[in-house]
Amino acid sequence: TYTVELRKSGRSITITPEKSLLDTLLDAGIPVEYSCSEGVCGTCETRVLAGEPDHRDSVLSAKERASNKAMMVCVSGCKSESLALDL
Ligand code: FES
């Protein structure tokens with residue numbers, strides 16, 4: 001369980017293990033573009049403003065992962081206690 005702060009929307013939501021970050025965002029009415037939902041297409045790439053994502057996609061390079069500036073919200077999670085996203 002972790003918290004995601006949506007800086008553009010001015011909202012904060014809690015992500016639980018039962019539901020993916022993408023599904024939680026969509027259910028909260030946050031417009032996120034997506035396509036594959038499997039971490040391969042890159043459509044759901046979202047800017048990370050703070051926090052450390054747990055990258056589980058196969059889109060980002062090792063360098064991009066390490067920089068923690070973007071994440072695929074359909075499959076990736078969070079290693080820190082919270083994330084701040086540009087949504
Ligand atoms: Fe394809 Fe997330 S929807 S990588």
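Above this note sits the structure.
Structure report, in brief. Keep in mind that this is a model prediction, so the values were computed, not measured. (Residues numbered from 1 in each chain as written. Predicted model: local features only at pLDDT ≥ 70, side-chain atom pairs only at ≥ 80, totals over all residues. Heavy atoms only, no water.)

1. Some remarks on the environment of Ile-13
Logical step 1: Within the secondary structure, Ile-13 is located in strand S2 (residues 11–15).
Logical step 2: For Ile-13, a relative accessible area of 9% gives the class buried.
Logical step 3: Measuring from C-alpha to C-alpha, the distance between Ile-13 and Leu-25 comes to 8.2 Å, with 12 residues separating the pair along the chain. (Helix = DSSP H or I, 4+ residues; strand = E, 2+ residues; numbered from the N terminus. Buried < 20%, exposed > 50% of the residue type's maximum accessible area, 1.4 Å probe, protein only.)

2. Overview of the pattern of salt bridges
Logical step 1: Here the structure, examined in full by the defined rule, presents 5 salt bridges.
Logical step 2: Between Arg-56 and Asp-54 there is a salt bridge, with its nearest N and O atoms 3.0 Å apart.
Logical step 3: With relative accessibility at 51%, the residue Arg-56 sits in the exposed group.
Logical step 4: You can call Asp-54 partly exposed: its relative accessible area is 22%.
Logical step 5: Here Arg-65 and Asp-57 are joined by a salt bridge, their closest N and O atoms 3.7 Å apart. (Salt bridge = Lys/Arg side-chain N within 4 Å of Asp/Glu carboxyl O.)

3. Focus: the state of the cysteines
Logical step 1: Under the counting rule described, the total for this entry stands at 0 disulfides.
Logical step 2: We note that Cys-78 lacks a disulfide partner, and the nearest cysteine sulfur, in Cys-44, lies 15 Å from it. (Disulfide = S-S within 2.5 Å.)

4. Some remarks on the side chain of Thr-46
Logical step 1: In this fold, Thr-46 is placed in strand S3 (residues 45–50).
Logical step 2: Side-chain polar atoms of Thr-46 contact the backbone oxygen of Cys-44, separated by 2.9 Å.
Logical step 3: Once residues within four sequence positions are removed from consideration, Thr-46 is found in contact with Lys-69, Ala-70, Met-71, Val-73, Leu-85, Asp-86 and Leu-87. (Polar contact = N/O pair within 3.5 Å; in protein donor to acceptor, adjacent residues only side chain to side chain. Contact = heavy atoms within 4.5 Å.)

5. A look at the sheet that holds strand S7 (residues 82–85)
Logical step 1: Spatially, 5 strands are ordered S2-S1-S7-S3-S5 in an open sheet, and the strand pairing comes out mixed. Every interior strand has two partners, whereas the edge strands, S2 and strand S5 (70–72), have only one. For this sheet, the mean angle separating the axes of adjacent strands, direction not counted, is 40°.
Logical step 2: Relative to S5, S3 runs antiparallel, the two sharing 3 bridges. Paired with Glu-45 across the bridge in S5 is Met-72. (Pairing = 2+ DSSP bridges. Axes fitted to C-alpha atoms, helices over the stretch in contact; angles between N-to-C directions.)

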